[in-house]
Amino acid sequence: LFLNTIPMQLSLQVISYHYTLKTLLMMSKKPLTIHENNILSLDLLFRTDNVKQQFQTGKILLVTGLFGLIMASLLFQYSASTQLAGHHFHNHINRMITAFVAALLCSQISKDFLMRASLWMYLVSLMLLVLVEIKGTTIKGATRWLTLGPLRIEPSEFVKLTNPIFISYFLCLFSLPLKLRNFVFICAVLLLPCLLIAKQPDLGTCIIVLMIGTVQIFASGISYKMIFGTCSMLLASLPFLWNLLHSYQKNRIISLIFPGNDSLGTGYHLYQSKIAIGSGGLWGKGLAASTQVRYHFLQEFHTDFIFALISEELGLVGVGVILICLLLLVSGILILACQTECQFSSLLLVGIAFFFFVCSFVNIAMVCGLLPVVGVPLPFISYGGSNLLVCGVGLGLVWKLSRK
């Protein structure tokens, strides 16, 4: 495990730093200057002389990463289906097709309609979250789903997109950089759905929605004083937030800090996941040859812990390919965001890019034992209808907003 994780992290850090620096040098040929209002933002990325070349680069990166993730999804869900009963792989293909159709439909939505409907999307998502509290379906101790006949949807998944859409529109209503009262007001808009999601309880989705909104606010421009004040308030509220956690959530955090205390109880999933990652070696054991899955040691191997399945079957090489595809996908969307002149489109594309990044980061860090175990799927690869549908909708919006 030590020989696999440390080189992987170091090599990916070097690659990401290299290409991030290269992208910054290509996209910004003007000298760095300090903003006269001491505003920290991402406006440096919006300065470029060769717009057409960068737009083509963004499209190539996006399509390459997306194609690699779709192929990996089909490959590893087929591998997982060999240990699952029923029509698991066929269901996954049907959900992939549904996500593709959703992407095509969303690519036809006009930007003006999206801006007008953003408030209604936000309100409907809040109503669905409240409805989950009243008539939600409880599975494994969590009430996160609504059952509509043969369908079962998870409203918190759609908040990952409806919230960034509304925040992008909301930021356009204010003069940027944000003043203190506007900053407090938009933070309240961001925190309201997060509190409803945390009550389900779904701490993973709550963190994702909160981080995406925070990045969008940062990208719009925010003063150093606001950043320092917000971080100070967050650190001061940590003891209070700890008391709000459920007992099993506290146990997961304790198991992360002391992994050997309860390896057969609260730390069982993380312990078995590390065994799967470490036993994969450099090249892995081969497709559908995971012993952790075959002997039922690794649970949820087709959803939240599919990264451990990939690590055991294809080793460090396969994991590296998956991480590179995710890096290409996020980088391509960010480059497209930098070439979009509309402020609403730029902020929303940044939010969608960090939606894919945060979901990937939290899932992989959770499986590797760097974060507590939370229910966050790996984009495009994990099994789940709501997750794939949200990813498809996000890609459709990316294509529409960046097309002009």
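1. Considerations on the overall build of the protein chain
Argument step 1. Helix and strand counts for the protein chain stand at 15 helices and five strands.
Argument step 2. For the protein chain, the residues scored as buried account for 46% of the 404 residues in total.
Argument step 3. Summarising the internal contacts of the protein chain: among those between residues at least 6 apart in sequence, 71% fall at separations of at least 24.
Argument step 4. Accessible surface for the protein chain amounts to roughly 20,400 Å². Of this, 70% is attributable to carbon and sulfur atoms.

2. Some thoughts on the sheet that holds strand S2 (residues 137-139)
Argument step 1. Strand order across the open sheet formed by three strands is S2-S3-S4, with antiparallel pairing between neighbours. Two strands bound the open sheet, and with one partner strand each, they are S2 and strand S4 (151-153). Each adjacent strand pair in this sheet contributes to an overall mean axis angle of 45°, direction not counted.
Argument step 2. Both S2 and strand S3 (residues 142-148) contribute to a ladder of three bridges, which runs antiparallel. Its bridge partner being in S3, Ile-139 is matched across the sheet by Ala-142.
Argument step 3. Contacting S2 and S3, helix H4 (residues 111-135) crosses the sheet at an angle of about 100° to S3.

3. Brief notes about the confidence of the model for the protein chain
Argument step 1. On average, residues of the protein chain score 83 in pLDDT, and 86% of them reach the 70 mark or higher.
Argument step 2. This model gives residues 27-36 a pLDDT under 50, and the stretch forms 13 contacts once residues within four places in sequence are excluded.
Argument step 3. Taken as a whole, residues 43-48 scores under 50 in pLDDT and shows 18 contacts with residues more than four places along the chain or in a different chain.

4. Comments concerning the packing of H4 against helix H6 (residues 180-198)
Argument step 1. It is at 9 Å that the axes of H4 and H6 come closest, and there the two elements cross at 25°. Considering their axes alone, H4 and H6 lie roughly parallel with respect to each other. When the axes of H4 and H6 are compared, the crossing they make is left-handed. Mapping the contact onto sequence places Tyr-122, Leu-126, Leu-129, Val-130 and Glu-133 in H4 and Val-189, Leu-192, Pro-193, Leu-196 and Ile-197 in H6.
Argument step 2. Here the residues of the contact of H4 with H6 are counted per class, giving nine nonpolar, no polar and one charged.

5. Details of the nonpolar core
Most often, soluble globular proteins keep nonpolar side chains buried together rather than apart.
Argument step 1. Membership of the largest hydrophobic core comes to 81 residues, with the highest contact counts inside it found for Phe-307, Leu-329, Ile-333, Phe-356 and Ile-381.
Argument step 2. In terms of residue count, the dominant contributor to this core is helix H14 (residues 343-368) (16 residues).
Argument step 3. Once you skip the residues sitting within four places of it in the chain, Leu-329 turns out to touch Leu-61, Leu-62, Gly-65, Leu-66, Leu-69, Phe-356, Phe-380 and Leu-395.
Argument step 4. In this structure, Val-159, Cys-194, Cys-206 and Val-209 belong to the second largest nonpolar core, which totals six residues.

6. Some details on the environment of Ile-322
Argument step 1. Structurally, Ile-322 is set in helix H13 (residues 306-338).
Argument step 2. C-alpha of Ile-322 to C-alpha of Gly-68: the two residues are 254 residues apart in sequence and 7.5 Å apart in space.
Argument step 3. The contact partners of Ile-322, leaving out residues within four places of it in the chain, are Leu-69, Ala-72, Phe-76, Ile-310 and Ile-381.

7. Re the packing of aromatic side chains
Argument step 1. The tally for this structure, following the rule as stated, stands at nine aromatic pairs.
Argument step 2. Measuring from ring centre to ring centre gives 5.5 Å for Tyr-78 and Phe-89, while their planes differ by 75°; the resulting arrangement is edge-to-face. Here Tyr-78 is found in helix H2 (residues 51-81), whereas its partner Phe-89 is found in helix H3 (residues 88-106), with eleven residues between them in sequence.
Argument step 3. Judged by centre distance (5.2 Å) and plane angle (85°), the ring pair of Phe-170 and Phe-174 falls under edge-to-face. There is no split in this pair, since Phe-170 and Phe-174 are both buried.
Argument step 4. Cluster of aromatic residues (ring-pair linked, three or more members): Tyr-122, Phe-166, Phe-170, Phe-174 and Phe-185.

8. A few points about the environment of Leu-287
Argument step 1. On the secondary structure map, Leu-287 appears in the loop between helix H11 (268-279) and helix H12 (291-294).
Argument step 2. What makes Leu-287 partly exposed here is its relative accessible area of 38%.
Argument step 3. In the structure, Leu-287 is positioned 22 residues away from Leu-309 in sequence and 9.5 Å away in space, judged by C-alpha atoms.
Argument step 4. Those residues in contact with Leu-287, other than ones at most four positions away along the chain, are Leu-75, Phe-76, Ser-79 and Glu-313.

9. So, the side chain of Ser-73
Argument step 1. In this fold, Ser-73 is placed in helix H2.
Argument step 2. Residue class for Ser-73 comes out buried when judged on its relative accessible area of 0%.
Argument step 3. Those residues in contact with Ser-73 that lie beyond four places of it in its chain are His-92, Met-96, Phe-380 and Ile-381.

10. Let's talk about the environment of Ser-346
Argument step 1. Its location among the elements puts Ser-346 in helix H14.
Argument step 2. For Ser-346, a relative accessible area of 4% translates into the label buried.
Argument step 3. In sequence terms Ser-346 and Ala-219 are 127 residues apart; their C-alpha atoms lie 9.2 Å from each other.
Argument step 4. Of note is the side chain of Ser-346, whose polar atom sits 3.4 Å from the backbone oxygen of Ala-337.

11. Quick word on the packing of helix H5 (residues 155-172) against H14
Argument step 1. Axis separation between H5 and H14 bottoms out at 9 Å; the angle between their running directions is 150°. In terms of orientation, H5 and H14 fall into the roughly antiparallel class. For H5 against H14, the interelement crossing comes out right-handed. Note on element contacts: H14 touches H5 through Gln-343, Phe-344, Leu-347, Leu-348, Ile-352, Phe-355 and Cys-359, opposite Lys-160, Leu-161, Pro-164, Ile-165, Ser-168, Tyr-169, Leu-171 and Cys-172.

What counts and how
Residues numbered from 1 in each chain as written. Predicted model: local features only at pLDDT ≥ 70, side-chain atom pairs only at ≥ 80, totals over all residues. Heavy atoms only, no water. Helix = DSSP H or I, 4+ residues; strand = E, 2+ residues; numbered from the N terminus. Buried < 20%, exposed > 50% of the residue type's maximum accessible area, 1.4 Å probe, protein only. Contact = heavy atoms within 4.5 Å. Areas by Shrake-Rupley, 256 points an atom, 1.4 Å probe, with all protein chains shown as cover. Pairing = 2+ DSSP bridges. Axes fitted to C-alpha atoms, helices over the stretch in contact; angles between N-to-C directions. pLDDT = per-residue confidence, 0-100. Parallel < 35°, antiparallel > 145°, perpendicular 65-115°, else oblique. Left-handed = near helix turned anticlockwise from the far one by under 90°. Nonpolar A, V, L, I, M, F, W, Y, C, P; charged D, E, K, R; others polar. Core = buried A, V, L, I, M, F, W, Y, C linked by side-chain atoms within 4.5 Å. Phe/Tyr/Trp six-rings, centres within 6.5 Å; stacked < 30°, edge-to-face > 60°. Polar contact = N/O pair within 3.5 Å; in protein donor to acceptor, adjacent residues only side chain to side chain.

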